[in-house]
Amino acid sequence: MPDGLDTAAVRAHLLGERGGLVATVGDCADAVAAGWPDEGTTDRDAVVGPLRATLERTGVLGQFPTVLHECVTAASGRLQAEPVPAPPYVVVTSVGPVLRATLDDGRLVVTFRVFAVERGGGGSPARYVRSGRSAEEVVAVAVRGR
């Protein structure tokens with residue numbers, strides 16, 4: 001991990017001041033999973049598109065650039081550009097929303113892990129399931145080198 005970036009402070013910020021947003025991300029994931037005929041789905045498109053639409057409808061997607069800026073500040077980093085609610089800063093993936101910021105010391109990556117990918121065995125396709133029921137399980141913060 002690059003020196004000087006405080007990932008623990010980012011996590012504390014998200015679990016504290018932004019706990020409501022983290023809960024709303026979980027609520028959005030619950031709404032998406034409720035539309036599946038089973039407790040999981042093998043269709044990635046049944047995860048990503050509906051999650052993005054639900055996050056947008058609740059206003060969370062539009063908040064992510066501000067949240068990313070707050071996270072960078074909490075990490076004692078400095079943004080190289082202003083984030084927007086689109087790639088590469090905000091991406092909705094099959095595990096959940098991912099916020100990314102390129103900093104002087106590396107890349108800050110915040111992932112809201114609301115889905116898990118269960119790898120299929122014996123030729124079975126991967127299956128997406130709801131995961132991360134608590135905020136502590138959902139929020140993942142990492143710094144990667146450049």
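All values reported here derive from a predicted model rather than from experimental measurement.

## So, helix α1 (residues 7–15)
Where α1 is concerned, the buried positions are Thr7, Val10, His13 and Leu14. On an axial view of α1, the arc spanned by its buried residues comes to 120 degrees, and they lie on one face. Its side-chain oxygen at 3.2 Å from the backbone nitrogen of Ala8, Asp6 defines the N-terminal cap of α1.

## A look at the packing of α1 against helix α4 (residues 60–74)
At their nearest, the axes of α1 and α4 sit 8 Å apart, and the two run at 140 degrees to each other. Comparing the axis directions of α1 and α4 gives the class oblique. Seen from above, α1 lies across α4 with right-handed handedness. Residues Ala9, Val10, His13 and Leu14 of α1 form the contact with α4, whose own contacting residues are Val67, Glu70, Cys71 and Ala74.

## Section: the pairing of strand β7 (residues 139–144)
Of the two faces of β7, the one holding Val139, Val141 and Val143 is buried and the one holding Ala140, Ala142 and Arg144 is not buried anywhere. Relative to β7, strand β4 (residues 106–112) runs antiparallel, the two sharing six bridges. Its bridge partner being in β7, Val110 is matched across the sheet by Val141.

## Considerations on the environment of Val110
Among the structural elements, Val110 can be located in strand β4. Taking relative accessible area as the criterion, Val110 reaches 0% and is therefore assigned buried. Separated by 16 residues in sequence, Val110 and Ser94 have C-alpha atoms that sit 14 Å apart. Every residue in contact with Val110, bar those within four places of it in the chain, is listed here: Val10, Leu14, Cys71, Pro97, Val98, Leu99, Ala140 and Val141.

## A word on the sheet that holds strand β3 (residues 97–103)
The strands making up a sheet associate through hydrogen bonds between their backbones, and the pairing can be parallel or antiparallel. One open sheet accounts for four strands, arranged β2-β3-β4-β7; its pairing is antiparallel. Edge strands, defined here as strands with exactly one partner in the open sheet, are β2 (90–92) and β7. Across this sheet, the average inter-strand angle for adjacent strands is 20 degrees, counted without regard to direction. Along the sheet, α1 makes contact with β4 and β7, crossing β7 at roughly 155 degrees. The sheet strands contacting α4 are β2, β3 and β4, and the helix crosses β3 at an angle near 45 degrees.

## Focus: the side chain of Thr54
Turning to its location among the elements, Thr54 is positioned in helix α3 (residues 48–58). Setting aside residues up to four positions removed in sequence, Thr54 forms contacts with Cys28, Ala31 and Val32.

Rules used in this analysis
Residues numbered from 1 in each chain as written. Predicted model: local features only at pLDDT ≥ 70, side-chain atom pairs only at ≥ 80, totals over all residues. Heavy atoms only, no water. Buried < 20%, exposed > 50% of the residue type's maximum accessible area, 1.4 Å probe, protein only. Helix = DSSP H or I, 4+ residues; strand = E, 2+ residues; numbered from the N terminus. Arc of directions from axis to C-beta. Polar contact = N/O pair within 3.5 Å; in protein donor to acceptor, adjacent residues only side chain to side chain. Axes fitted to C-alpha atoms, helices over the stretch in contact; angles between N-to-C directions. Parallel < 35°, antiparallel > 145°, perpendicular 65-115°, else oblique. Left-handed = near helix turned anticlockwise from the far one by under 90°. Contact = heavy atoms within 4.5 Å. Pairing = 2+ DSSP bridges.

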